[in-house]
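What follows is the residue order along each chain.
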Amino acid sequence: MTKNYDCVEYQRTIREKFWIEAGCTIEGLKKLFDEKSKNNEILNRLIERQEKAK
């Protein structure tokens with residue numbers, strides 16, 4: 001069986017990109033995730049759907 005795709009390496013690469021984009025700080029990472037979640041269309045739709053259900 002040949003290994004074509006390494007999901008662990010892919011995950012590490014994504015985490016490293018986020019870390020660098022966040023300025024290599026925990027505070028920066030929190031801000032980055034907050035910004036990305038505000039602009040996430042799927043998340044916004046789910047939140048809107050939950051509010052309508054109430």
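So, here's what we can say about the structure. All values reported here derive from a predicted model rather than from experimental measurement. (Residues numbered from 1 in each chain as written. Predicted model: local features only at pLDDT ≥ 70, side-chain atom pairs only at ≥ 80, totals over all residues. Heavy atoms only, no water.)

### Points about the overall build of the protein chain
Part 1: Secondary structure summary: the protein chain contains 3 helices and 0 strands in total.
Part 2: Along the protein chain, helices (α) and strands (β) appear in the sequence α-α-α when read from the amino end.
Part 3: Relative to the compact-globule value of 10 Å for 54 residues, the protein chain shows a C-alpha radius of gyration of 16 Å, a clear excess of over 25%.
Part 4: If you line up the protein chain on its principal axes, its C-alpha atoms span 50 × 35 × 15 Å.
Part 5: Per-residue burial over the protein chain gives 7% buried out of 54 residues.
Part 6: Counting every atom, the protein chain has about 5,500 Å² of accessible surface; 54% of that belongs to carbon and sulfur.
Part 7: For the protein chain, the distance from the average position of its 12 positive side-chain charges to the average position of its 10 negative side-chain charges is 4 Å. (Helix = DSSP H or I, 4+ residues; strand = E, 2+ residues; numbered from the N terminus. Rg over C-alpha atoms; globule rule 2.2 N^0.38 Å. Buried < 20%, exposed > 50% of the residue type's maximum accessible area, 1.4 Å probe, protein only. Areas by Shrake-Rupley, 256 points an atom, 1.4 Å probe, with all protein chains shown as cover. Lys, Arg positive; Asp, Glu negative; His and termini not counted. Charge placed at Lys NZ, Arg CZ, Asp CG, Glu CD.)

### Remarks on helix α2 (residues 26–38)
Part 1: When the terminal C-alpha atoms of α2 are compared, their 18 Å separation across 13 residues agrees well with the 18 Å that a helix rising 1.5 Å per residue should span.
Part 2: The complete set of buried residues in α2 reads Gly28, Leu29 and Leu32. One face of α2 carries all of its buried residues, which in axial projection span an arc of 100°. Away from its buried face, by an angle of more than 90 degrees, α2 presents the exposed residues Glu27, Lys30, Lys31 and Lys38.
Part 3: Looking at the buried side of α2, the elements it contacts are α1 (7–21). (Expected span 1.5 Å × (residues − 1). Arc of directions from axis to C-beta. Contact = heavy atoms within 4.5 Å.)

### Quick word on a nonpolar patch on the surface
Part 1: A cluster of nonpolar side chains, contributed by Tyr5, Tyr10 and Ile14, occupies part of the molecular surface with about 330 Å² of accessible area.
Part 2: By the secondary structure assignment, Tyr10 is in helix α1. (Patch = residues over 30% accessible without salt bridge, like charges linked within 9 Å, V, L, I, M, F, W, Y side chains within 5 Å. Salt bridge = Lys/Arg side-chain N within 4 Å of Asp/Glu carboxyl O.)

### As for the pattern of salt bridges
If the charged atoms of two oppositely charged side chains come close together, the side chains can form a pair.
Part 1: Within this structure, the stated rule accounts for 3 salt bridges.
Part 2: Between Glu21 and Lys36 there is a salt bridge, and its shortest N-O distance comes to 3.9 Å. One end of the pair, Glu21, is in helix α1; the other, Lys36, is in helix α2, with 15 residues separating them in the sequence.

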